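Chain residues, written in single-letter form:
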Amino acid sequence: MKEYIEERAMEIGTYIISSNATVRQTAKQFGVSKSTVHKDVSERLVYVNPALAAEVRKVLDVNKAERHIRGGQATKEKYLHIKEA
């Protein structure tokens, strides 16, 4: 694996842990696709730093468990704005 990819995977993992960011937020922050973020933290980071990969997995599991709630809130806000207008 190329060195810059390993460094990016480490930076992405550290960012996710420090900010409890979602994959989408992380992709936007680093200017890469969601697929790249997911591959970096789920496959590449395991080889580079297994301990960091485990911590990232915990954060992403929490985000995945909560995403249906965030989606419901976004829909609620959308229709509240329509109703006000």
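As the structure is a prediction and not an experimental result, all values here were calculated from the model.

Chemist: Explain the pattern of salt bridges residue by residue, including any values.
Modeler: If you walk through the whole model with that rule in mind, you get five salt bridges. Across the pair Asp40 and Arg8 runs a salt bridge whose closest N-O atoms are separated by 2.7 Å. Linking Asp40 in helix 3 (residues 34-48) with Arg8 in helix 1 (residues 3-19), this pair joins segments that are 32 residues apart in sequence. Here Asp40 makes a salt bridge to Arg44, at a shortest N to O gap of 2.5 Å. You can see Asp40 and its partner Arg44 sitting in helix 3, four residues apart, about one turn around the helix. The same class applies to Asp40 as to Arg44, namely buried.

Chemist: With reference to specific residues and values, describe the environment of Ile12.
Modeler: Along the chain, Ile12 falls in helix 1. Judged by relative accessible area, Ile12 falls into the buried class, the value being 0%. Here the alpha-carbon distance between Ile12 and Val37, two residues 25 residues apart in the chain, equals 7.3 Å. Filtering out sequence-adjacent residues up to four positions away, Ile12 remains in contact with Thr26, Phe30, Val37, Asp40 and Val41.

Chemist: Residue-level account of the nonpolar core, with values.
Modeler: Counting residues in each nonpolar core, the largest one holds 13 residues, and the members touching the most others are Ile12, Ile16, Val37, Val41, Leu45, Val56 and Leu60. Contributions of two or more residues to this core are made by helix 1, helix 2 (23-30), helix 3 and helix 4 (50-84). Among the elements that take part in this core, helix 4 stands out by supplying five residues, more than any other. With residues near it in sequence (within four places) discarded, Val56 still touches Gly13, Ile16, Ile17, Val41 and Leu45.

Reading the values: rules and limits
Residues numbered from 1 in each chain as written. Predicted model: local features only at pLDDT ≥ 70, side-chain atom pairs only at ≥ 80, totals over all residues. Heavy atoms only, no water. Salt bridge = Lys/Arg side-chain N within 4 Å of Asp/Glu carboxyl O. Helix = DSSP H or I, 4+ residues; strand = E, 2+ residues; numbered from the N terminus. Buried < 20%, exposed > 50% of the residue type's maximum accessible area, 1.4 Å probe, protein only. Contact = heavy atoms within 4.5 Å. Core = buried A, V, L, I, M, F, W, Y, C linked by side-chain atoms within 4.5 Å.

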